[in-house]
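The chain contents come next:
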Amino acid sequence: MAGDEETPPLLILHHLPNFKLSIFPLLRSKYTVLDPLDDPPHPSFHPLSKAARLMLCTGPTPVTAAVLDAYPALECIVGSSAGVNHFDLDACRRRRLRITCAGDSFSDDVADYAVGLAIDVLRRVSAADRFVRAGSWPVMREYGLGSKVSGKRVGIVGLGSIGSRVAKRFESFGCTIAYTSTKQKPNIPYTFHANAALLASNADILVVCCALTDETRHLINVDVMAALGKSGIIVNVGRGALVDEKALVEMLVKGEIGGAGLDVFEREPHVPRELFALDNVVLSPHHAVLTPESMGAIDDLILANIEAFFSNQPLRAEVQLDQFDS
Amino acid sequence: MIATIWRRAAPHLSRPSHPRAALAILTSHTLTFSTTTQTPSPAAKMDAIGVLMMCPMNTYLEQELDRRFKLFRYWTQPKQAEFLSQQAESIRAVVGNATAGASADLIDALPRLEIVSCFSVGLDKVDLARCGEKGVRVTNTPDVLTDDVADLAIGLMLAVLRRICVCDKYVRSGAWKLGDFKLTTKFSGKRIGIIGLGRIGLAIAQRAEAFDCPISYHSRSKKATNYTYYSSVVELASNSDILVIACALTPETTRIVNREVIDALGPKGVLINIGRGPHVDEAELVAALVEGRLGGAGLDVFEKEPEVPEQLFGLENVVLLPHVGSGTEETRKAMADLVLGNLEAHFSSKPLLTPVV
């Protein structure tokens, strides 16, 4: 039951302690919010949570089978991330749950960021800015040469909402676009390669923006990076675990790949210290989605989806769970 | 035509002015065409031509100039005025760039100067009027660097708005372990105002369009495009989130971005300069940034390079680059080849590749 006329509908908040959205107060005013981290907890938390049909999962808070067991009446989870790798998707599928994610809310910002990272790596923007601020320009007279961006071959791993926007942006730089994906997409003018290694061997800029699943963990491995080669660069705005980080660090340190722009890491906020000494590497603290515009968009989407669920209206940005079948 | 044949067949001999005499010698047996004798190549012929390179600009260019011509390196001369008067008769070409070119004084000091070949597209360091008066040819390096400069303009916009350099510093300092970086403003969809819609300005516009940015511009004259035209820079700035300087530096465009324009751009506006330092009133710019009256700046050029106002070093909303607009291996090689190609064309009496004057 969505809730009778007196009680606003029940909404479970599933979040990590320091991860809050600005809409939490609004949600508390509109719905009966059940937050297990509330101190003191809601007086009827236990019985009410067993009847709740909707959960809002904010941030990469793991949604495990055990969590789902605690809320047996759940029908739908509204997520706030672009990815769903923090969900036990098998458990969700077994319970026939509906899941919504961020959809397109962040896609422009992440695509922008990917391009910004690529330009920074190839043209040494951050490194040259450090050079100037250190007062080195008058002393050294010349900064070293970077590498041209325009006209380079871009290989996109995952041509989804973010990947397609990355492609559109790089096309305006005269870059040729190729991609790899679980399936070739129809009516796409870009070259398809069956796997990441083939893509990398034909790319100068490899942009990683696909979903993290059991199948794509360490998709970018030593073979792929070797295929990319000494003058190729990697940009990762997906998930850290898409890349074999240990191998990446080794190859960067040895100069076996040309550089990297990384917004995500395997064990955030830990970043391998060996990278700090490299000028052909740009490091970012999982920042690609952090704009007021993206945050506003996800807030709006979440509010709309919660409202839609309780009014039996269609949901937006619903995740097709069967696409994650192996 | 006889001159051309003579140059190839008997460059070591003085050609008689009368064509029939020249033809007679060419068809006689007094010229030996032994297979063991190398026909002098244009390159070998040119190594007596004095070329004055104004400052270090590119190793490959310097080496090639040294190999093909008689190269003089201006910056290594301890007494430059003396050097000029001593070598004046040998110098027939000057190679300059954004830092040092050919002033009226230099042109006057080199009576045998025939060509100034710039390792840049900008000509602000060359006295074009004096060159015109004296019949000195001038070439530059257009087109080959357009992409690089446009790429960097977009790179600067993204770096400033998304704080990419600051984020990198944040991670390297270990601060991420203490907390997430703050929100930064979205780039896609921002209104871009371009001063100067030439090759570089257009290339910037084309890229920004792929980010759904509305484009407007100011130029000396309206162009045949769909972009919105503003007849004044102040109006352009008032209607832009990001203002990019992409015009040539001339007396008219010096300090084209002044206090009024900066105020119009405002506390949320960002200035990107990939033109020349003197396009901007630098003191006003620094004050506006320090006082928060301007939202941010991405600067590749400065009034007195390599000096950069130190008050900018502590600002997070600024990205500072050491004039690297065309600074890629690919483009600098292409620029160098264009300089060399123009010089060789001139001294072979062929049409110049990229003449300006």
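Everything below is about the structure shown above.
Residues numbered from 1 in each chain as written. Chains lettered and ligands numbered in written order. Predicted model: local features only at pLDDT ≥ 70, side-chain atom pairs only at ≥ 80, totals over all residues. Heavy atoms only, no water.

Draft legend 1. How the structure looks around the pairing of strand S3 (residues 91-96) of chain B. Residues and elements named next belong to chain B. Burial of S3 is extensive: 5 of the 6 residues sit out of reach of the surface. Here 4 bridges tie strand S1 (residues 50-53) to S3, and the two strands are oriented parallel to one another. By the bridge assignment for S3, Leu52 is matched with Val94. With 4 bridges joining them, S3 and strand S4 (residues 115-118) adopt parallel strand pairing. Looking at S4, one finds that Val94 is bridged to Val116. (Buried < 20%, exposed > 50% of the residue type's maximum accessible area, 1.4 Å probe, protein only. Helix = DSSP H or I, 4+ residues; strand = E, 2+ residues; numbered from the N terminus. Pairing = 2+ DSSP bridges.)

Draft legend 2. Local environment of the packing of aromatic side chains. Tallying each qualifying case throughout the model produces 13 aromatic pairs over all chains. Aromatic pair A:Phe309 and A:Phe310: ring centres 5.5 Å apart, planes at 70 degrees, arrangement edge-to-face. Grouping residues by exposure puts A:Phe309 and A:Phe310 together as buried. With a centroid separation of 5.0 Å and 70 degrees between ring planes, the pair formed by B:Phe187 and B:Phe211 is classed as edge-to-face. Here the residue B:Phe187 occupies a position in the loop between helix H9 (164-172) and strand S6 (192-195), and B:Phe211 occupies one in the loop between helix H10 (199-209) and strand S7 (215-218), the gap between them amounting to 24 residues. (Phe/Tyr/Trp six-rings, centres within 6.5 Å; stacked < 30°, edge-to-face > 60°.)

Draft legend 3. Representation of the side chain of A:Asn280. All names here are of chain A. Mapped onto the secondary structure, Asn280 falls in the loop between strand S11 (259-262) and strand S12 (281-283). Reaching out from Asn280, the side chain makes a polar contact with the backbone oxygen of Gly258 at a distance of 3.0 Å. What Asn280 contacts, discounting residues up to four positions off in sequence, is Val121, Arg124, Ile257, Gly258, Gly259 and Ala260. (Polar contact = N/O pair within 3.5 Å; in protein donor to acceptor, adjacent residues only side chain to side chain. Contact = heavy atoms within 4.5 Å.)

Draft legend 4. Layout of helix H13 (residues 282-291) of chain B. Residue and element names in this part refer to chain B. Along H13, the positions that sit buried rather than exposed are Glu282, Leu285, Val286, Ala288 and Leu289. Looking straight down H13, one finds its buried side chains confined to an arc of 165 degrees; they lie on one side. For H13, exposure combined with an orientation more than 90 degrees from the buried face picks out Ala283 and Glu291. The secondary structure elements touched by the buried residues of H13 are helix H12 (259-265), strand S10 (270-273), strand S11 (296-299) and strand S12 (318-320). Trailing H13 by a residue or two, Gly292 shows a phi angle of about 80 degrees, which is positive. (Arc of directions from axis to C-beta.)

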